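# Geometric and topological summary
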Amino acid sequence: VNKLLAPLLLAICLPCHAAQPLDTYLTISTGSLPLVFSVPHGGEVALDGAAERVNGTKVQDDRVNQLAAAIQRQLLAKTGKEAYLVGAKISRKYVDFNRRADEAYESPDAARVYEAYYGALRRAVNRVRAQAGALLVDIHGQSFKRDVVFRGTGSGLTARNARFYGEPDGLI
């Protein structure tokens, strides 16, 4: 009798873990300009039911989601059009989108968010790549020196593990 009831009791007693919709963790906007914004480290949302990563940088980039939103508002006001936008609402404590999958997250629950981010980024880049002046802008912030704007990738050093830099010809 115990063998028959055990699976039923287990199913009743375990909490139901339904995956949150992806828009809980990501901002994905379709644009009409040949411009793509990637904002990988601006999120604060916890990944429901997952432990934080133990390894890697877990610090949020200061105000980058707000910066991307402000740029979108200015683009819309001045041109009537917006850029494509792929941004993280999920905290970097759970996934770092500038890392290969084997380094980016530790919870299996983060895999679908990671893949959705890169799927949306790839679709956006594919839509704009044939247009004149197409540009991918990877928006980051920092809290090391608040009055300084750092540009570039440190001769590729800061982007060496990023998926879109590591592929042949990147995403573009």
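Residues numbered from 1 in each chain as written. Predicted model: local features only at pLDDT ≥ 70, side-chain atom pairs only at ≥ 80, totals over all residues. Heavy atoms only, no water.

## Some thoughts on unusual backbone geometry
Inclusion rule: Numbering of helices and strands runs from the N terminus, with a helix taken as a DSSP run of H or I at least four residues long and a strand as a DSSP run of E at least two residues long.
At Arg63, a residue that is not glycine, the phi angle is positive and equals roughly 55 degrees. Summarising the element assignment, Arg63 is placed in the loop between strand S2 (35-39) and helix H2 (64-79).

## Points about the packing of aromatic side chains
Filter applied, for reference: Classification of ring pairs uses Phe, Tyr and Trp, with its six-membered ring standing for Trp, and accepts pairs whose centres are within 6.5 Å; under 30 degrees between planes counts as stacked, over 60 as edge-to-face, and the remaining range as tilted. For the exposure calls, accessible area comes from a 1.4 Å probe over protein chains only, and a residue counts as buried if that area is under 20% of its type's maximum, exposed if over 50%, partly exposed in between.
Scanning the model with the defined rule gives 5 aromatic pairs in all. Between Tyr114 and Tyr118 the ring centres are 5.2 Å apart and the planes differ by 55 degrees, which places this aromatic pair in the tilted class. In this pair, Tyr114 and Tyr118 are both assigned in helix H4 (residues 111-128), 4 residues apart and thus about one turn of the helix distant. The exposure class assigned to Tyr114 is buried, which follows from its relative accessible area of 1%. Judged by relative accessible area, Tyr118 falls into the buried class, the value being 5%. Grouping aromatic residues by their ring pairs yields a cluster made of Phe97, Tyr105, Tyr114, Tyr117 and Tyr118.

## What to know about the sheet that holds S2
What counts is decided by this rule: If DSSP finds at least two bridges between two strands, the strands pair. All axes here are fitted lines through C-alpha atoms, helices being fitted over the stretch that makes contact, and every angle between N-to-C directions spans 0 to 180 degrees. Here, two residues are considered to be in contact whenever any of their heavy atoms come within 4.5 Å of each other.
The strand order across the open sheet formed by 4 strands is S1-S3-S2-S4, and the pairing between neighbours is mixed. Of all the strands in the sheet, the pair left with one neighbour each is strand S1 (26-29) and strand S4 (135-138). Adjacent strand axes in the sheet meet at a mean angle of 10 degrees, parallel and antiparallel pairs treated alike. Strand direction decides the pairing type here: S2 and S4, joined by 4 bridges, are parallel. By the bridge assignment, Phe37 is partnered in S4 with Val137. Helix-sheet contacts for H2 involve S2 and strand S3 (84-88), and the interaxial angle to S2 is about 160 degrees.

## Details of the nonpolar core
Basically, it comes down to this: As used here, the term nonpolar core means buried Ala, Val, Leu, Ile, Met, Phe, Trp, Tyr and Cys residues forming a set that is joined through side-chain atoms within 4.5 Å.
Counting residues in each nonpolar core, the largest one holds 25 residues, and the members touching the most others are Leu47, Ile90, Val95 and Phe97. Breaking this core down by element, the ones donating at least two residues are S3 and H4. It is H4 that provides the largest number of residues to this core, a total of 10 residues. The contacts of Phe97, once residues within four sequence positions are left out, are Leu26, Pro40, His41, Ala88, Ile90, Val113, Tyr114, Tyr117 and Tyr118. Listed in part, the 10 residues of the second largest apolar core include Leu35, Phe37, Val39 and Val64.

## Some thoughts on the confidence of the model for the protein
This is how the line gets drawn: Confidence scores per residue from the predictor, reported as pLDDT, run from 0 to 100.
Per-chain confidence: the protein averages 81 in pLDDT, with 73% of residues scoring 70 or above. Within the protein, helix H1 (residues 2-13) has the poorest average pLDDT of any element, 40, and S3 the best, 97. Here residues 1-18 is a poorly scored stretch, pLDDT under 50, and it has 4 contacts once near neighbours within four places are set aside; other chains count.

## Some thoughts on the environment of Asn55
Note on placement: Asn55 falls in the loop between S2 and H2. A C-alpha to C-alpha distance of 9.3 Å links Asn55 and Lys93, two positions 38 residues apart in sequence.

## Here's the deal with the environment of Val128
Relative to the elements of secondary structure, Val128 occurs in helix H4. Placed 96 residues apart in sequence, Val128 and Ser32 show a C-alpha to C-alpha distance of 8.8 Å. Not counting residues within four places of it along the chain, the set of residues in contact with Val128 comprises Leu33, Pro34, Leu35, Val36, Tyr84 and Ala134.

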